[in-house]
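What follows is each chain in one-letter form.
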Amino acid sequence: MLYACAAAVVVAVLAPLARAGYVLRYDMVFVPRQPLRWDLLAPAGTLPRAVPQDALVGLSAVVAPGWLVQRVVLAAVLAAAAIGAGRLVPARRAPARVVAAIGYAWTPFLAERLLIGQWGLLVCYAAMPWLIRAARDVRLGRPGAGARVVLAAACAAVTPTGGLIALVTTVVLVRPAGSSPHGPAGPRPWRPVPVLPVAVAALNAPWVVVAAGSGALATSDPGAVGAFAARGENWGGMPAALAGTGGIWNAAAVPGSRSGPLVPLVTAGLLVLAGFGFGALRRRWAEGTATRLAWLAGGSLLVSALGAVPGTSGALRAVVDQVPGAGLLRDGQKFLIPYAICLVLCFALGAERIADRVPGTGGRVVLAGLALLPVVALPDLAWGAGGKLRPVEYPAEWETVAAAVRADPGPVVSLPMSAYRAYPWNSGAIVYDPAGRYLAAPVVADDRLRVGDTVLSGESAAAAEIRARLADGRPVADEHVRWVLVQRDTGGSVPPAGLGALTEVHRGPALVLYRNPGYAAAAPDGDRLSALVGYLLAGMVVVVAGWRRFARTKSIRRRQEWAGSRP
Amino acid sequence: MGRFTTLIVGAAVGALLAVVGVAAAMAALNPSASKVATQMADEAKANGQGGRAAEDPLDPPNFYGAR
């Protein structure tokens, strides 16, 4: 039933993706074949926000086209979230598992992060039930659970935020070494500390090592704390939005139904029911995982609200301004994942308790109604989030430009200066400049962002230099720039003086590509060897965990076969 | 008795879902307050009443996000 339920959710949300093309929205950029470029694996001039995500997409391009990878990833996120939550909840009735499955795969958090294109964070979201299940099995001393913790955390760690969430979850949920949840005489857990936290920490090595070796500013614009703070979505304000797993900073990424007048009341109902179910969770997970999960959920809720509460937002601004890497905390709402899974588990158990009190088949009716409640309260997640996730084809001239750059690779400047674009062929949806992933060469684009009237500064020195040249009326291309790409269909303008003495190679309705005759190839930026060490370390941890998991499964099968062959 | 209870419970659950669903569908179909605020801000900028940041052509465009 769980698998059918997961399949129904996947079809309901992703049905529009049956059409050909790519869904391009905010941070979700897929291209026909993303090159496995060194500057994507280890960006030297910007912070590693998509490490190791870009490396994985680049690797996948070796075996599958981008359109297929995108569909597989999105479908897997929804299916794994639903199945994971359904299997995790310690319910006695099968329909209560369906309540958990639909509840976790149909949250405002998932809808909002899908609409802002952060699929890497959603991989962490989908991995969270599996990680909690494996961590609990470690606490119970079940063999092979440690390897499952590492593998689930590896899935979560495709982005730096996901890696951090997985690390904190592992540290909080896994019991210290030497103690058994069954008492002194019980089975000893699988060496959970320090092996597991260290292994999960090592999964973060790719982005940590790249960030340490990057020439980019490691601190962020403190103005981003206010810009990316959680926001209210209706009369309930920010607290009600976060309590219902919504509250993303960007109003354009919020499903319309979240502004409905009944949303805070539905959230209040969910919380009451979840409170009713927490007792059951604590009783059924008597080894203490429920309490720890509740602390973790509470902590994630507090972190989510930090930037939006007057007292703490000032402190967060100071931290983001002074502490390298603290910029990860500026968009706090994305840390709601542990809260979301805890809420859903408790909600499902609360629903089960209510159903137990209703005689006859009425209990089933209650469970069916509560399983449908998330869908009814958020109907615009269906059909590609209300038609906002629409596949489109790149104009043919993108391939022409890519072929020209592929034939003579060298750094590209993408103009007009903007990190994000709104193309008419993409129905005006906002998307991160695809040039950085489409072209087989490093692309310099603006890395500043504007939220409302606030312009948030970027960290790339190369982009700042290009901006300075444009402001001074100088040519944008110096001897370190091979190509200049002007995207004419995205609005904005390029001062004619900025194009200087460049040679036009391609002119189409949307794109103009110029070659810089004065280009002189320079030595590559960044310490490539040390960046590789981070990837190798994380890769080794995954291989060892996979081997342990595989070996364990094989040994169980052998034992079963041996037992079956005995007379 | 059991059937009657199921009927009552079913009607209550159905009514609850209908109320929540209709309200959510209406909110999803109508322009939200944030959307209206964004449109008003865009119109103000187009009329030259925007902030200082909106006047510099080298600044990023204002479509990335609105709170």
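What you see is a predicted model; the values in this text were computed from it and never measured.

## As for the overall build of chain B
- Across its full length, chain B carries two helices and zero strands.
- With 67 residues in all, chain B has 31% of them scored as buried.
- Total accessible area on chain B stands at roughly 4,300 Å², and carbon and sulfur atoms take up 65% of it.

## Structural notes on the pattern of salt bridges
All names here are of chain A.
- One pass over the structure, following the stated rule, counts 21 salt bridges over all chains.
- In this structure, the salt-bridge partner of arginine 37 is aspartate 39, at a minimum N-O distance of 2.7 Å.
- Judged by relative accessible area, aspartate 39 falls into the partly exposed class, the value being 24%.
- Across the pair aspartate 54 and arginine 437 runs a salt bridge, and its minimum N-O distance is 2.9 Å.

## Quick look at the interface of chain B and chain A
- At the junction of the two partners, chain B supplies 31 residues and chain A supplies 48 residues.
- Joining chain B to chain A, the criterion identifies zero salt bridges.
- For the pair chain B and chain A, the interface holds 10 residue pairs in polar contact (both at pLDDT 80 or more).
- Broken down by secondary-structure element, the contributors of at least two residues to the side of chain B that touches chain A are helix 1 (2-29) and helix 2 (33-46) of chain B.
- With 14 residues, the single largest contributor to the side of chain B that touches chain A is helix 1 of chain B.
- Looking at side-chain class alone, the side of chain B that touches chain A contains 18 nonpolar, 10 polar and three charged residues.

## Digging into the packing of aromatic side chains
All names here are of chain A.
- All told, the structure shown has 16 aromatic pairs over all chains when counted by the stated rule.
- A cation over a ring is seen here: arginine 353 above phenylalanine 276, with NZ or CZ 4.3 Å from the ring centre.
- Here the guanidinium or amino end of arginine 482 rests over the ring plane of tryptophan 483, the centre of that ring lying 5.9 Å away.

## Brief notes about the domain arrangement of chain A
- One can read the domain layout of chain A as domain 1 (225-357) and domain 2 (396-515).
- Computed over C-alpha atoms, the centres of domain 1 of chain A and domain 2 of chain A are 38 Å apart.

## Concerning empty space enclosed by the protein
Residue and element names in this part refer to chain A.
- By the definition in use, this model includes six cavities of 30 Å³ or more.
- Taken as a whole, the largest cavity encloses approximately 270 Å³ of empty space.
- The wall of the largest cavity is formed by 18 residues, among which Trp106, Pro108, Gly244, Leu270 and Pro374 lie closest to the centre.
- Elements that contribute at least two residues to the lining of the largest cavity include exactly helix 14 (263-284), helix 17 (337-357) and helix 18 (362-377).

## Regarding the packing of helix 14 of chain A against helix 17 of chain A
Residue and element names in this part refer to chain A.
- Two numbers describe how helix 14 lies on helix 17: the axes approach to 6 Å, and their chain directions differ by 90°. When the axes of helix 14 and helix 17 are compared, the pair comes out roughly perpendicular. Residues Leu270, Leu271, Leu273, Ala274, Phe276, Gly277, Phe278, Ala280, Leu281, Arg283 and Arg284 of helix 14 form the contact with helix 17, whose participating residues are Tyr339, Leu343, Cys346, Phe347, Leu349, Gly350, Ala351, Glu352, Arg353, Ile354 and Arg357.
- Considering only residue class, the contact of helix 14 with helix 17 consists of 15 nonpolar, two polar and five charged.

## Structural notes on the sheet that holds strand 10 (residues 503-507) of chain A
Residues and elements named next belong to chain A.
- Strands sit in the order 6-3-9-11-10 across an open sheet of five strands; the sheet is mixed. Among the strands making up the open sheet, the edge pair consists of strand 6 (443-444) and strand 10.
- Sheet topology note: the strand 9 (residues 483-487)/strand 11 (residues 511-515) ladder contains five bridges and is antiparallel. Along strand 11, the bridge assignment pairs glutamine 487 with leucine 511.
- Along the sheet, helix 20 (residues 396-407) makes contact with strand 3 (412-415), strand 9, strand 10 and strand 11, crossing strand 11 at roughly 10°.

## Regarding a nonpolar patch on the surface
- Together, Leu36, Leu56, Leu59, Val62 and Val63 of chain A line one region of the surface with nonpolar side chains, adding up to about 500 Å² of accessible area.
- Secondary-structure assignment places valine 63 of chain A in the loop between helix 3 (53-60) and helix 4 (66-88).

## Considerations on unusual backbone geometry
Residue and element names in this part refer to chain A.
- Put simply, valine 51 and proline 52 share a cis peptide bond, and its omega is 5°.
- Inspection of the secondary structure puts proline 52 in the loop between helix 2 (38-41) and helix 3.
- Residue proline 416 is reached from leucine 415 by a cis peptide bond, and omega for that bond is -10°.
- With respect to the helices and strands, proline 416 occurs in the loop between strand 3 and strand 4 (420-422).
- Look at alanine 385: it is not a glycine, yet its phi comes out positive at around 50°.
- Considering the arrangement of structural elements, one finds alanine 385 in helix 19 (residues 382-387).

## Focus on the pairing of strand 11 of chain A
Residue and element names in this part refer to chain A.
- In terms of burial, strand 11 is a largely internal element, four of the five residues being buried.
- Across four bridges, the pairing between strand 10 and strand 11 is antiparallel. Bridging across to strand 11, threonine 503 finds its partner in arginine 515.
- The antiparallel pairing of strand 10 with strand 11 creates a hairpin that spans three residues between the two strands.

## Focus: the nonpolar core
- Counting residues in each nonpolar core, the largest one holds 162 residues, and the members touching the most others are Tyr104, Tyr125, Phe228, Ile337 and Tyr394 of chain A.
- Here tyrosine 394 of chain A is in contact with Tyr22, Leu24, Val29, Phe30, Val31, Pro32, Trp425, Pro434 and Tyr438 of chain A, once residues within four sequence places are set aside.
- Among the nonpolar cores identified, the runner-up in size contains 16 residues, and Ala477, Val494 and Leu499 of chain A together with Leu58 of chain B belong to it.

## Comments concerning the side chain of serine 214 of chain A
- Of note, serine 214 of chain A is situated in the loop between helix 11 (205-213) and helix 12 (223-227).
- Using a relative accessible area of 13% as the deciding quantity, one classes serine 214 of chain A as buried.

## A few points about helix 3 of chain A
- When you tally the buried positions in helix 3 of chain A, you get six out of eight residues, the bulk of the element.
- Buried within helix 3 of chain A are the following residues: Gln53, Asp54, Ala55, Val57, Gly58 and Ser60 of chain A.

So, how was this worked out
Residues numbered from 1 in each chain as written. Chains lettered and ligands numbered in written order. Predicted model: local features only at pLDDT ≥ 70, side-chain atom pairs only at ≥ 80, totals over all residues. Heavy atoms only, no water. Helix = DSSP H or I, 4+ residues; strand = E, 2+ residues; numbered from the N terminus. Buried < 20%, exposed > 50% of the residue type's maximum accessible area, 1.4 Å probe, protein only. Areas by Shrake-Rupley, 256 points an atom, 1.4 Å probe, with all protein chains shown as cover. Salt bridge = Lys/Arg side-chain N within 4 Å of Asp/Glu carboxyl O. Contact = heavy atoms within 4.5 Å. Polar contact = N/O pair within 3.5 Å; in protein donor to acceptor, adjacent residues only side chain to side chain. Nonpolar A, V, L, I, M, F, W, Y, C, P; charged D, E, K, R; others polar. Phe/Tyr/Trp six-rings, centres within 6.5 Å; stacked < 30°, edge-to-face > 60°. Lys NZ or Arg CZ within 6 Å of the ring centre and 35° of its normal. Domains from an automatic or database assignment. 1 Å grid on protein atoms, 1.4 Å probe; cavity = no way out; pocket = protein on both sides within 12 Å on 5 of 7 lines; lining within 4 Å. Points joined across faces, edges and corners; volume = space filled by probe spheres on them. Axes fitted to C-alpha atoms, helices over the stretch in contact; angles between N-to-C directions. Parallel < 35°, antiparallel > 145°, perpendicular 65-115°, else oblique. Pairing = 2+ DSSP bridges. Patch = residues over 30% accessible without salt bridge, like charges linked within 9 Å, V, L, I, M, F, W, Y side chains within 5 Å. Core = buried A, V, L, I, M, F, W, Y, C linked by side-chain atoms within 4.5 Å.

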